[in-house]
Amino acid sequence: MTTPAEILSLPKPRWAEDDVAMLYDMAVRFLEAEIAPRYDEFEKAEIFDRESWRKAGEAGLLCASMPEEYGGSGGTYAHESAIIEAIGHVGVDGFGIALHNSIVAPYILHYGSEEQKRRWLPRMATGELIGAIAMTEPGAGSDLQGIRTRAVRDGNHYAINGSKTFITNGQLANLIVVVTKTDPDKGAKGTSLIVVETDDAAGFERGRNLDKIGMKSNDTSELFFNDVRVPTANLLGHDEGEGFVQLMQQLPQERLQIGGSAIAMIERALALTIAYVKERRAFGKAVIDFQNTQFKLAELKTEATVGRVFYNDCVARHVAGGLDPVTASMAKYWLSDLQGKIVDECLQLHGGYGYMNEYPIARMFRDARVQRIYGGTNEIMKLLIARSL
Ligand SMILES: Cc1cc2nc3c(=O)[nH]c(=O)nc-3n(C[C@H](O)[C@H](O)[C@H](O)COP(=O)(O)OP(=O)(O)OC[C@H]3O[C@@H](n4cnc5c(N)ncnc54)[C@H](O)[C@@H]3O)c2cc1C
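Here the structure is a predicted model, which means the values were calculated and not measured. (Residues numbered from 1 in each chain as written. Predicted model: local features only at pLDDT ≥ 70, side-chain atom pairs only at ≥ 80, totals over all residues. Heavy atoms only, no water.)

Student: Looking at this model, I keep getting lost on the overall build of the protein chain. Mind explaining?
Tutor: Regarding its fold elements, the protein chain presents twelve helices and nine strands. Compactness check: the protein chain gives a C-alpha radius of gyration of 21 Å against a globular reference of 21 Å for 389 residues, within 12% of the reference. Overall, the C-alpha framework of the protein chain stretches about 80 × 45 × 40 Å when taken along its three principal axes. Here the protein chain holds 389 residues, and 55% of them are scored as buried. Residue pairs at least 24 apart in sequence account for 73% of intrachain contacts in the protein chain once pairs closer than 6 positions are excluded. (Helix = DSSP H or I, 4+ residues; strand = E, 2+ residues; numbered from the N terminus. Rg over C-alpha atoms; globule rule 2.2 N^0.38 Å. Buried < 20%, exposed > 50% of the residue type's maximum accessible area, 1.4 Å probe, protein only. Contact = heavy atoms within 4.5 Å.)

Student: Honestly, the environment of S73 in this entry has me stumped. Any pointers?
Tutor: Mapped onto the elements, S73 comes out in the loop between α4 (50–58) and α5 (77–90). For S73 and T377, which are 304 residues apart along the polypeptide, the C-alpha to C-alpha distance reads 32 Å. Apart from residues lying up to four places away in sequence, S73 is in contact with G60, C63, A64, M66 and E68.

Student: Help me out: how do you make sense of the site of the ligand in this one?
Tutor: Surrounding the ligand, one finds 18 residues, the nearest of these being T136, S142, T168, T377 and E379. The backbone of M135 places a nitrogen or oxygen atom 2.8 Å from an oxygen atom of the ligand. Within the side chain of S142, an N or O atom sits 2.6 Å from an oxygen atom of the ligand. A total of 980 Å² of accessible area belongs to the ligand in isolation, and the protein chains cover 64% of it. Contributing elements (two or more residues each) for the shell around the ligand: β1 (131–134), β3 (157–168) and α12 (378–387). Residue composition of the shell around the ligand, by class: ten nonpolar, six polar and two charged. (Near = heavy atom within 4 Å. Polar contact = N/O pair within 3.5 Å; in protein donor to acceptor, adjacent residues only side chain to side chain. Areas by Shrake-Rupley, 256 points an atom, 1.4 Å probe, with all protein chains shown as cover. Nonpolar A, V, L, I, M, F, W, Y, C, P; charged D, E, K, R; others polar.)

Student: So what exactly am I meant to see when it comes to the pattern of salt bridges here?
Tutor: Any two side chains of opposite charge can pair, given that their charged atoms come close. Evaluation of the coordinates by the stated rule reveals 26 salt bridges. Where K55 meets E34, a salt bridge forms, and the shortest distance between an N and an O atom there is 3.1 Å. In this pair, K55 sits in helix α4 while E34 sits in helix α2 (residues 18–35), placing the two residues 21 residues apart along the sequence. On the basis of relative accessible area, K55 is assigned to the partly exposed category, the value being 28%. Its relative accessible area of 31% is what places E34 among the partly exposed residues. Here R54 and E51 are joined by a salt bridge, their closest N and O atoms 3.6 Å apart. Taken together, the residues R54 and E51, both in helix α4 and three residues apart, mark about one turn of the helix. A relative accessible area of 38% means that R54 is categorised as partly exposed. The exposure class of E51 is partly exposed, given its relative accessible area of 36%. The structure contains a network of salt bridges with shared partners spanning E115, R119, R123, E128 and E197. (Salt bridge = Lys/Arg side-chain N within 4 Å of Asp/Glu carboxyl O.)

Student: How do you make sense of the pairing of strand β7 (residues 220–231) when you look at a structure like this?
Tutor: Every regular strand shows the same layout, with side chains that alternate between the two sheet faces. When β3 meets β7, the two strands line up antiparallel, connected through nine bridges. Bridging across to β7, A159 finds its partner in R229. Of the strand pairs in this sheet, strand β6 (residues 204–209) and β7 are connected by four bridges, and their pairing is antiparallel. Bridge assignment links E205 to a residue of β7, and that residue is F224. (Pairing = 2+ DSSP bridges.)

Student: In this structure, what is going on with the environment of D154? I would like to understand it.
Tutor: Position of D154 among the secondary structure elements: in strand β2 (residues 150–154). Given the relative accessible area of 43%, D154 is considered partly exposed. Here the alpha-carbon distance between D154 and Q249, two residues 95 residues apart in the chain, equals 29 Å. Within the local environment of D154, its side chain forms a polar contact with the side chain of R229, the two groups lying 3.0 Å apart.

Student: It is not clear to me how unusual backbone geometry should be interpreted in this structure. Could you clarify?
Tutor: It is generally the case that most residues other than glycine have a negative phi and that most peptide bonds are trans. Phi angles above zero are rare outside glycine, and N169 is one such case at about 65 degrees. Summarising the element assignment, N169 is placed in the loop between β3 and β4 (175–181). A residue is classified by how much of its surface remains accessible, and N169, at 1% relative accessible area, is buried. One non-glycine residue, F283, adopts positive backbone phi at about 50 degrees. Along the chain, F283 falls in the loop between β8 (281–282) and β9 (285–286).

Student: Quick question: what am I supposed to make of the side chain of E80 here?
Tutor: With respect to the helices and strands, the residue E80 is situated in helix α5. An unpaired buried charge is present at E80: no salt bridge exists, and R308, the closest side chain of opposite charge, is 15 Å distant. When residues no more than four places from it in sequence are discounted, the contact partners of E80 are C63, A64, S65, N101 and S102. (Lys, Arg positive; Asp, Glu negative; His and termini not counted.)

Student: How should I be thinking about the pairing of β2 in this particular structure?
Tutor: The sheet contact formed by β2 and β3 spans five bridges and is antiparallel. Its bridge partner being in β3, R153 is matched across the sheet by Y158. Taken together, β2 and the strand that follows it, β3, pair antiparallel across an intervening segment of two residues, in which G155 is found at a positive phi of about 65 degrees.

This is the structure:
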């Protein structure tokens with residue numbers, strides 16, 4: 001693990017205003033002090049503990065962009081990005097607070113009633129409630145219109161039946177936004193988002209904590225809904241059938257978030273690798289003295305800089321309300337592809353040590369792979385981009 005001083009010398013979010021830069025510094029210090037020392041333990045257990053979530057809440061790292069009246073810090077996506085980047089720079093990528101903060105909470109803020117916002121957001125800000133979003137099913141991932149989880153209205157309740165898979169925070173979450181079909185005959189227009197509070201929800205079961213190749217400490221689960229009864233007041237939006245539009249409106253921020261963690265992990269990989277090749281010696285000189293190493297690192301640094309400029313522009317546009325879904329798809333696809341490439345090259349420059357789990361670059365290599373898959377695969381991103389041409 002790098003020291004705080006080394007991490008703080010990594011690029012800060014350059015679009016940042018002072019309060020965002022302060023939040024970034026504070027997040028780095030919190031993650032270094034509270035999370036990094038226990039990270040190996042969480043990686044082995046393949047799950048975080050609730051205590052870490054509560055501490056993150058106390059430190060102001062949960063719901064930073066939610067309004068203060070709902071327990072948040074009243075920031076913007078820039079503040080969320082500062083936290084996402086701090087996580088990537090410190091190298092505790094399995095801490096699932098970014099999904100909670102900048103994916104789950106916004107659904108409640110944007111589509112929740114006043115009563116829903118007051119009920120859920122303050123407890124999400126303290127870490128009492130841990131959020132998840134359950135879209136994917138065993139038979140439907142990329143093709144979200146194919147989901148089969150059914151919500152049938154019965155008086156003032158819905159009865160939810162179905163199963164979900166690959167759900168991030170699935171073991172810990174106790175507030176889950178579930179993508180359901182309220183009217184299967186209406187296709188996309190029959191899709192609704194319903195919030196399930198899982199504590200005491202009869203018929204709700206968690207399946208296995210899935211055994212993944214990377215992002216070990218970030219629990220990922222199957223979820224089962226067997227006649228789970230939820231008040232109709234837990235529907236997000238005014239009417240049934242708004243779910244697909246809500247998803248399409250919020251997915252760009254999820255995609256930008258993946259781009260943000262990609263660029264932060266790229267920057268950490270480069271920082272670690274430059275330090276390593278300066279130390280490591282072969283044929284009587286430091287590995288950085290080989291021209292191949294210099295050229296390779298010059299290329300990677302250039303690409304990382306291009307990626308950073310692109311990401312910063314996306315954040316600035318998003319904060320101003322003008323990031324279009326196509327550009328968000330470009331950020332997700334291109335930055336996660338770049339991450340895969342750069343982390344692989346950085347591992348190569350570590351030689352055999354890069355393949356050893358005690359070196360952070362090994363874990364970064366494993367963690368990088370999923371970034372091209374979740375949040376919509378990079379192939380789906382290309383489809384979305386191509387459709388706009
Ligand atoms: C670690 C992890 C965490 C996740 N977290 C969550 C979560 O919190 N919530 C959630 O709902 N989901 C989550 N997912 C699910 C993730 O979003 C899906 O895995 C992803 O969208 C792909 O769906 P799929 O796995 O069903 O693949 P498929 O849709 O079966 O795709 C298989 C292959 O076919 C390609 N393909 C599919 N359709 C097309 C097309 N039209 N054109 C070209 N190629 C195509 C895909 O790109 C892919 O290469 C997570 C997944 C992982 C691995």
